[in-house]
Amino acid sequence: MKRLETIVKSDRLSDVVHAIRSAGAKGVTVTSIKGQGSGERPMLRSGRGTTQFRAEYNNMESVMAIVDDSEVDKIVSAINQSCYTGKSGDGLVIITDVVQVVNIASKKTNSEAL
Amino acid sequence: MKNQKAFLIVMFTLVSVVSVTAMAQAYAQSTSDGMDGYVIGTSGIYTGNPNECWYSDDDGNMLPCRIDTGDTAFMLMATSLVLLMSPAVAVFYGGLARSKNVVNVFGMTLIIMGIAAVQWLTFGYSLTFGPNDAPGNAFMGSLDYVGFNSVSHYAPLGSVGPCGDTASAAYQMNAMVDADQCSQDWPGTIPHMLFAAFQGTFAIITPILIIGAVVDRMKFSAVLIFVIVWSTFVYYPVAHWIWGGGFMADGTLDLDPSLAPSSVLDFAGGAVVHITAGFAALAAALVLGRRMGLGKIPMEPHNVPMCVLGAGLLWFGWFGFNPGSEVMADGISVSAWMATNIAAGMGTVTWVLLSWAHTGKPSIIGAATGTIAGLGTITPASGWVGPMGALIIGIAAGAVCYGAVAYKNAKQWDDALDVWGVHGMGGLTGTILTGTFASPHIWDTGDGIGAWTGTAEGMEQQGIQIIGAVITVGYTLAVTFSILKVMDLVWPGGIRVTPREEEIGLDLAQHGERAYVNE
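Worth saying up front: this structure is predicted, and the values here are computed from it rather than measured. (Residues numbered from 1 in each chain as written. Chains lettered and ligands numbered in written order. Predicted model: local features only at pLDDT ≥ 70, side-chain atom pairs only at ≥ 80, totals over all residues. Heavy atoms only, no water.)

We now examine the pairing of strand S5 (residues 58–67) of chain A. Residue and element names in this part refer to chain A. The element S5 is largely enclosed, with a buried count of eight among its ten residues. Of the pairings in the sheet, the one linking strand S1 (residues 2–9) to S5 comprises eight bridges and is antiparallel in character. Along S5, the bridge assignment pairs Ile-7 with Ser-62. As paired elements, strand S2 (residues 29–35) and S5 share seven bridges and run antiparallel to each other. Opposite Lys-34, over in S5, you have Asn-59 as the bridge partner. (Buried < 20%, exposed > 50% of the residue type's maximum accessible area, 1.4 Å probe, protein only. Helix = DSSP H or I, 4+ residues; strand = E, 2+ residues; numbered from the N terminus. Pairing = 2+ DSSP bridges.)

With 94% of its residues at a pLDDT of at least 70, chain B reaches an overall mean of 91. Across the whole predicted complex the pTM is 0.88, and at the interface the ipTM reaches 0.73. (pLDDT = per-residue confidence, 0-100.)

Taken together, the side chains of Phe-7, Val-10, Met-11, Leu-14 and Val-15 of chain B present a nonpolar region at the surface, about 440 Å² in accessible area. If you trace the backbone, Phe-7 of chain B turns up in helix H1 (residues 2–30). (Patch = residues over 30% accessible without salt bridge, like charges linked within 9 Å, V, L, I, M, F, W, Y side chains within 5 Å. Areas by Shrake-Rupley, 256 points an atom, 1.4 Å probe, with all protein chains shown as cover. Salt bridge = Lys/Arg side-chain N within 4 Å of Asp/Glu carboxyl O.)

Another point: the packing of aromatic side chains. Residues and elements named next belong to chain B. In the structure shown here, the tally under the stated rule is 26 aromatic pairs over all chains. Consider the rings of Trp-318 and Phe-321, whose centres lie 5.5 Å apart with planes at 50 degrees: the pair is tilted. Of this pair, Trp-318 and Phe-321 both sit in helix H7 (residues 304–324), three residues apart, roughly one helical turn. Ring geometry for Trp-413 against Trp-420: centres 5.5 Å apart, planes inclined by 75 degrees, an arrangement best described as edge-to-face. Given the relative accessible area of 22%, Trp-413 is considered partly exposed. An aromatic cluster is present here, built from Trp-120, Phe-123, Tyr-125, Phe-129, Tyr-145, Phe-148, Trp-186, Phe-195, Tyr-235 and Tyr-236 joined pairwise through their rings. (Phe/Tyr/Trp six-rings, centres within 6.5 Å; stacked < 30°, edge-to-face > 60°.)

Our next topic: unusual backbone geometry. All names here are of chain B. Of the consecutive residues Trp-186 and Pro-187, the connecting peptide bond is found in the cis state with omega at -5 degrees. In this structure, Pro-187 sits in the loop between strand S4 (182–183) and helix H4 (192–214). Although it is not a glycine, Val-327 adopts a positive phi angle of roughly 55 degrees. You can see Val-327 is positioned in the loop between H7 and helix H8 (331–359). Overall, the relative accessible area of 1% leaves Val-327 in the buried class.

Below, the structure written as structure tokens:
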């Protein structure tokens with residue numbers, strides 16, 4: 001079991017969720033987040049239009065999916081296809097090991113729990 | 001303990017206001033000719049005020065002079081329009097504020113509407129427009145109208161005379177009336193109380209404008225007391241000087257008595273309202289100091305649609321503010337309407353173009369601000385300039401106020417919502433430009449001769465305008481600064497909230513309420 005945390009720009013959310021689900025993930029958990037990274041933050045207006053400043057954060061979405069080890073490569077490549085522009089700021093996919101998953105309703109664990 | 005103190009202060013204020021009102025009412029009823037049924041018959045409404053227009057019928061009853069129903073209907077509407085501008089300021093400022101302080105902005109506005117309305121009744125109107133009988137009245141009105149004593153809701157102001165020959169006969173339906181019971185003076189076609197009500201809405205909105213400078217950090221309790229003191233020592237005197245027959249209107253500033261101009265021209269309050277509010281805001285910002293984190297964290301408007309809606313409502317309400325200041329429905333109010341609209345439009349366009357050229361994109365917050373700048377700047381000139389003069393004033397409004405806001409940002413003066421940059425500098429620009437663009441083609445009396453005419457009269461008017469504006473600026477800054485410094489010294493813990501409260505936001509810290517609840 002792996003945990004895929006995909007961080008993308010807010011306007012890519014629908015595409016990336018569609019890609020992850022189409023590639024076989026049983027479900028996703030989406031969190032709206034703000035962050036600073038290699039991506040350029042937008043310039044915003046200030047002082048009644050007399051000045052501008054750089055936004056403190058970029059608005060991003062974090063899409064979390066728990067998947068079987070065998071599906072990881074397929075899903076990551078689907079994410080890449082859906083979000084790739086080649087510019088910094090496209091986002092990250094963070095893959096971590098999952099120790100155990102328990103479905104609260106069915107009491108089943110791991111793959112059967114999803 | 002802290003809450004108890006605030007509670008005591010509020011209770012003390014309320015008790016004071018109620019006592020003064022009660023005393024004023026008792027005073028009103030004690031006069032021999034008094035109001036409220038002390039005289040039997042139709043003349044029971046007689047106030048005994050010699051400054052009002054009353055005439056005696058054959059039976060010895062005192063009856064009110066004729067009013068003009070058109071003027072009265074128009075002024076009732078104009079008064080209501082100006083009152084609408086106060087909540088419009090709350091919407092405008094609320095949009096510009098941060099989401100954690102919106103309730104406080106609306107709260108300050110609403111409470112000032114309440115306080116200023118009551119204060120106007122108790123002694124404000126009297127100090128501003130009370131009869132001028134003594135030399136000291138050059139600086140302050142009298143106490144004759146305390147509690148609206150001797151303020152009739154029937155009779156107009158002025159002396160009685162033939163209707164065909166009033167000061168405004170050329171415009172008035174009264175001119176066609178074959179009678180001898182018309183007021184000969186201005187404003188003589190509406191009931192005295194309606195004039196008091198109209199002016200009262202100005203006394204309400206002016207202190208409300210100031211709160212834009214103190215948002216995010218001034219204690220609510222301190223705002224209450226500040227408004228009462230500030231209105232008494234800044235607004236009422238300045239309004240009296242210019243509108244109530246004080247030294248700016250009685251010929252004291254007449255530079256050359258052989259030439260026609262003798263007083264400061266301020267049609268609807270460029271000096272009285274906008275200079276006083278704007279420069280008081282600057283003083284308040286300097287006394288209170290910067291908000292925590294200014295320049296380090298973004299403090300951007302939290303709701304642009306609210307800003308634009310507020311600016312739109314203000315634009316609408318200004319058609320009561322400026323045309324209504326004629327206190328008649330005639331050619332001057334029509335001219336003032338047009339000048340107001342043109343300057344507001346041109347201020348908006350100028351600001352957007354400047355922000356576009358200067359910082360790359362057309363700012364919509366800037367557009368709303370430009371609207372207010374145009375409206376504030378045309379205010380003193382609205383009844384004195386023609387439409388093309390208004391166009392130039394609109395451009396000047398956008399340019400000067402844009403520069404003032406940029407300068408304020410560079411200086412890091414934390415006049416949070418740009419009251420000084422927009423109202424103060426707009427009012428100052430407008431008051432000076434009134435002396436430049438005032439046109440003798442507007443009034444059939446030939447009044448209002450600006451410097452553009454190239455005449456000696458025009459130059460004198462320009463000089464009077466500058467002197468009047470400078471006195472108003474200096475007086476407002478000095479007195480407001482003193483009021484707030486003294487308040488800060490004597491107030492328990494100062495007039496600024498604690499840093500912790502500032503961080504939480506005044507909505508929760510001061511009121512325990514939130515603007516936006518998601519649960």
